[in-house]
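Below, each chain spelled out in residue letters.
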Amino acid sequence: MGADLAIVVLLGGIVALDGTSFGQFMISRPFIAGTLTGAAVGSPMEGAAVGAVLEMFQLCVLPVGGARFPEAGPAAVVATLAAGAAPGAGGLALACVLGLVWAEVCGASVIYLRLLNGRMVPDPAAGAVTPQKVMRAQFAALVLDFLRGALLVGVGAVVGILVTPRFALAWPLNEQWTLGLLAAGAAAPLGALLRTLGGLGRWRVAFTYGLVVGCIAVIVR
Amino acid sequence: MLGTGFAFALLPVLREAYGEDDAGLREAVGRHSDLFNSHPYLAPMALGAVAALERDRAASPLIERFKAAVRGPLGALGDRLVWAAWLPATLLLALVLYSAGVATWAAAGAFLLVYNVGHLGLRIWGFRLGLKVRNLLGEPLKNAGLVRLGDLAAAAATFLLGVLVPLLLLSGIVSGTRMLWGFGVLGALSMGLGAYHGAVTRKAAVVLLCFATFAILGYGLGR
């Protein structure tokens, strides 16, 4: 478990960096972060399931400008570890809820990080801005973002590992009902995404074709 | 950090352009440390253009006016093309593959491959275009068809969303006619509310799901 936690903390830092500061190759997306974490700690099914649920909640969130938004990548890492600590329907439900809440905590921490970055950035009005100052500010910001992600994942993982197994056994619903509950909850953000894409007014033909293909896929499976 | 990041990325060009002129170099670095908030995948276009202008020692007011003029439009274009179209389209592809039973690593890998081909292609193309046309970005950008590309990606995303809905609400999750209709109706209502009210329903869905989970857990603990 100690080795798993170390891997997960490292992954949390990398995922936090990928979110905004470096690369943005989208390993910070919840589905990817959950899948990677699950593969790393031996809970691939839980990681993918938790990541998929959190991803559906995150799809309608647009990271535009200086907007504040939940940071679901590190949260998916935490939720995967929590789900792995308590496999089964109860673990999945509690891990998803923990992930959704932790995403808000991580998102709030980004605001504080931005304020801290603002203090580190050399101010041209205050004096000469040298290349060395710029490089120091850049690397310091990257290191801080990594440490922020690692710390948040570390704390969240400890909370998840301690709390989820204690309560998962008391979860009264079976897997099908639990997945149904999560799917019904995730449908609302998917509807919000539909609006963001242009809505049925603009893309009703594409959406209808999609529904037909989806229904055929369900029948054929 | 996009201001200081812009200066950081320009450092090699500025060092070459200003050579032994330390005061000029510091002034240029300071100039480029000001705010530059744009889309991260289209910012290389401005970076390429400014790199070409600085290499040719163009007048600093021209460079500053160019940066101020271009950052907003590039930001809006990038938001519309990438965050509101390309990203959801490729993520929905991954979720559809996963829901359809494709191996998780394949679904995740498909997303990362397809998304990053577009992502890196946009960065490289934008940087090269900026280097080539410098501050005369208007016409090439207009003729590049990025808005049309964004519309195509949004249409693809809507199609994939349509595919995902039955996979999510109808298949494998529930068994038995009553549960099927119950969750199907609940999910459809939920989605309808989301489509009508927009992103604010996400927060409501999170709160309701948390509340429902704790209530169900409470019931389980009390049994």
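None of the values given here were measured: they were computed from a predicted structure. (Residues numbered from 1 in each chain as written. Chains lettered and ligands numbered in written order. Predicted model: local features only at pLDDT ≥ 70, side-chain atom pairs only at ≥ 80, totals over all residues. Heavy atoms only, no water.)

## Let's talk about the overall build of chain B
Each helix and strand in chain B was counted, giving nine helices and zero strands. Listing the helices and strands of chain B from first to last along the sequence gives α-α-α-α-α-α-α-α-α. Relative to a compact globule of 223 residues, whose C-alpha radius of gyration would be 17 Å, chain B shows 24 Å and is clearly more extended. Along the three orthogonal principal directions, the C-alpha set of chain B runs to about 80 × 40 × 35 Å. The proportion of buried residues among the 223 residues of chain B is 50%. (Helix = DSSP H or I, 4+ residues; strand = E, 2+ residues; numbered from the N terminus. Rg over C-alpha atoms; globule rule 2.2 N^0.38 Å. Buried < 20%, exposed > 50% of the residue type's maximum accessible area, 1.4 Å probe, protein only.)

## Some words on unusual backbone geometry
Residue and element names in this part refer to chain A. Of note in the backbone geometry, Q24 takes a positive phi value of approximately 55° without being a glycine. As for its placement among the helices and strands, Q24 is situated in the loop between α1 (2-21) and α2 (30-41). For Q24, a relative accessible area of 7% gives the class buried. With a phi angle near 70°, M26 is a residue other than glycine that sits in the positive phi range. Relative to the elements of secondary structure, M26 occurs in the loop between α1 and α2. What makes M26 buried here is its relative accessible area of 4%.

## Notes on the packing of helix α7 (residues 175-197) of chain A against helix α8 (residues 199-220) of chain A
Two measures define how a pair of helices packs: the angle their axes make with one another and the distance between the axes. All names here are of chain A. Between α7 and α8, the least distance of the axes is 8 Å, while the angle of their chain directions is 100°. What the angle tells us is that α7 and α8 run roughly perpendicular. Contact with α7, carried on its side by L194, R195 and L197, involves G199, L200, W203 and F207 of α8 and no other residues of that element. (Axes fitted to C-alpha atoms, helices over the stretch in contact; angles between N-to-C directions. Parallel < 35°, antiparallel > 145°, perpendicular 65-115°, else oblique. Contact = heavy atoms within 4.5 Å.)

## A closer look at the interface of chain A and chain B
On the side of chain B, 88 residues touch chain A, which itself brings 83 residues to the contact. The largest contributions to the chain A side of the interface with chain B come from A:F31, A:L197 and A:R221, which together make up 8% of the buried area. Summed over the shared surface of chain A and chain B, the number is two salt bridges. When the shortest N-O distance is used, the salt bridge between A:R202 and B:D151 registers 3.2 Å. The tally of links from chain A across to chain B stands at 12 residue pairs in polar contact (both at pLDDT 80 or more). Contributions of two or more residues to the side of chain A that touches chain B are made by α2, α3 (44-58), α5 (89-120), α6 (131-168), α7 and α8 of chain A. (Buried area = accessible area lost by both parts, 1.4 Å probe. Salt bridge = Lys/Arg side-chain N within 4 Å of Asp/Glu carboxyl O. Polar contact = N/O pair within 3.5 Å; in protein donor to acceptor, adjacent residues only side chain to side chain.)

## Points about the pattern of salt bridges
Residues and elements named next belong to chain B. With the rule as written, the count across this model stands at 13 salt bridges over all chains. A salt bridge links D56 to R134; the shortest N-O distance between them is 2.5 Å. In this pair, D56 sits in the loop between α3 (43-55) and α4 (60-99) while R134 sits in the loop between α5 (104-133) and α6 (138-143), placing the two residues 78 residues apart along the sequence. We classify D56 as partly exposed; its relative accessible area is 42%. Its relative accessible area of 28% is what places R134 among the partly exposed residues. A salt bridge links K142 to E139, with the nearest nitrogen and oxygen atoms 3.3 Å apart. Here the residue K142 and the residue E139 both occupy positions in helix α6, the gap between them amounting to three residues, near one helical turn. Relative accessible area serves as the criterion here: at 61%, K142 is assigned to the exposed category. One connected set of salt bridges, linked through shared partners, spans E27, R31, E54 and E64.

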